[in-house]
Amino acid sequence: MTPGRVTLFDIAATFTGVPTQTLLSITLAYLPEGSLTLLPSYIENLAARKGVSVTFESSSVTIIAEKAKESIKKVSEIPQEVLNQASGVALKIAKKFASCTAPSTWTLLSWSGEVGNEAEEININRIGKGIFSAFLKFSGESTKYLWLKLQVSCMKPVLVVKKLVRYGEKIRPQDVETKIIDVLTLYETPASSEDAIYAPAVKTLRPGDIVTLSSIKRKPDVVKGQVIIAYVTLPGIHISALVEALEDGYIGDTIRVRNISSGKILKGVLEKGPVLKILEVER
């Protein structure tokens with residue numbers, strides 16, 4: 001196999017009765033290049049955790065990872081239907097892992113298998129910085145499988161720290177600058193300006209560090225004192241009113257608010273908008 005993440009799917013001889021996604025979810029090892037020998041009991045225990053029963057006739061399982069030889073398959077030799085599938089997968093990768101409407105560039109590094117009528121199952125995994133593998137299962141008179149390895153890039157602006165920001169300090173506009181980088185080479189999600197500016201850092205950020213969602217304390221979706229719309233729906237009637245938040249909250253949180261007109265204290269769940277779905281009246 002090619003270097004990267006080794007799953008039970010890579011070494012399974014049959015898929016009868018076991019969903020492909022389950023086999024792909026069982027990681028046996030990460031093998032950059034070379035060989036690795038595993039005990040059957042180790043693999044059996046990993047599989048058992050996912051409810052999969054496997055047995056081996058041999059006393060050991062050896063996995064060999066080799067880099068694909070460039071001369072094996074040239075781009076000009078790749079069937080157009082494979083390139084079409086690779087293009088669709090690259091688009092899915094850009095949207096799923098980087099929220100890009102389209103990849104900046106993509107390259108099909110290697111592939112194997114056949115293209116069928118319609119892909120009924122597509123499983124994509126990140127196996128390196130900007131490197132992804134995809135397994136496609138096609139329906140039809142006879143089931144066909146296609147395995148792809150792609151390098152995908154998506155160039156987007158991110159916030160980069162210009163000066164030292166210590167733990168607990170708020171990130172100010174003058175502390176950061178914008179740089180355009182390939183975000184698919186990152187393992188963490190970059191923070192937007194809306195999320196990052198004036199948000200406290202949860203770790204020390206040094207010049208050149210990218211501001212990610214995991215490096216800041218996300219600002220509440222609603223802050224204390226903010227005025228939002230609250231509503232309640234009863235059989236045949238919908239009531240809404242302006243309320244003032246009495247505490248900070250995130251979407252999905254239950255918070256207390258004050259009805260601006262009546263002064264009554266209400267409790268409800270924050271929903272996207274943000275709006276508040278009223279649960280009860282406290283007084």
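Residues numbered from 1 in each chain as written. Predicted model: local features only at pLDDT ≥ 70, side-chain atom pairs only at ≥ 80, totals over all residues. Heavy atoms only, no water.

(A) Representation of the overall build of the chain within the structure. Tallying secondary structure elements over the chain gives five helices and 15 strands in all. In summary, the chain has a C-alpha radius of gyration of 26 Å against a globular reference of 19 Å for 283 residues, an excess of more than 25%. In terms of principal-axis extent, the alpha carbons of the chain reach across some 75 × 50 × 40 Å. Relative to its 283 residues, the chain shows a buried fraction of 35%. Across the chain, every contact between residues at least 6 apart in sequence was considered, and the portion connecting residues at least 24 apart equals 50%. Total accessible area on the chain is roughly 16,500 Å²; 50% of this is exposed by carbon and sulfur atoms. Separation between the mean location of the 35 positive side-chain charges and that of the 29 negative ones in the chain comes to 7 Å. (Helix = DSSP H or I, 4+ residues; strand = E, 2+ residues; numbered from the N terminus. Rg over C-alpha atoms; globule rule 2.2 N^0.38 Å. Buried < 20%, exposed > 50% of the residue type's maximum accessible area, 1.4 Å probe, protein only. Contact = heavy atoms within 4.5 Å. Areas by Shrake-Rupley, 256 points an atom, 1.4 Å probe, with all protein chains shown as cover. Lys, Arg positive; Asp, Glu negative; His and termini not counted. Charge placed at Lys NZ, Arg CZ, Asp CG, Glu CD.)

(B) Highlighting the state of the cysteines. By the definition in use, this model includes one disulfide. Sulfur-sulfur distance for the disulfide between C100 and C154 comes to 1.5 Å. Note on the C100 and C154 pair: the S-S dihedral is about -85 degrees, so by sign convention the disulfide is left-handed. Residue C100 is located in the loop between α4 (80-98) and β5 (105-113), and its partner C154 is located in the loop between β8 (144-153) and β9 (155-161); the two are separated by 54 residues in the primary sequence. Classification of C154 as buried rests on a relative accessible area of 2%. (Disulfide = S-S within 2.5 Å.)

(C) A look at the environment of L36. Here L36 shows up in strand β3 (residues 34-38). With 177 residues separating them along the chain, L36 and L213 place their C-alpha atoms 36 Å apart.

(D) Structural view of the nonpolar core. Counting residues in each nonpolar core, the largest one holds 27 residues, and the members touching the most others are V89, L108, L148 and L150. Broken down by secondary-structure element, the contributors of at least two residues to this core are α4, β5, β7 (131-139), β8 and β9. Look past the residues within four positions of V89 in its chain and what remains in contact with it is I124, A134, L136, L148 and L150. Of all hydrophobic cores here, the second largest spans 16 residues; its members include L24, A47, V61 and F135. (Core = buried A, V, L, I, M, F, W, Y, C linked by side-chain atoms within 4.5 Å.)

(E) Highlighting the packing of aromatic side chains. Summed over the entire model, instances satisfying the criterion amount to two aromatic pairs. With centroids separated by 4.9 Å and ring planes inclined at 50 degrees, the aromatic side chains of F97 and F132 adopt a geometry described as tilted. Here F97, found in helix α4, pairs with F132, found in strand β7; they are 35 residues apart in sequence, far enough to count as distant. (Phe/Tyr/Trp six-rings, centres within 6.5 Å; stacked < 30°, edge-to-face > 60°.)

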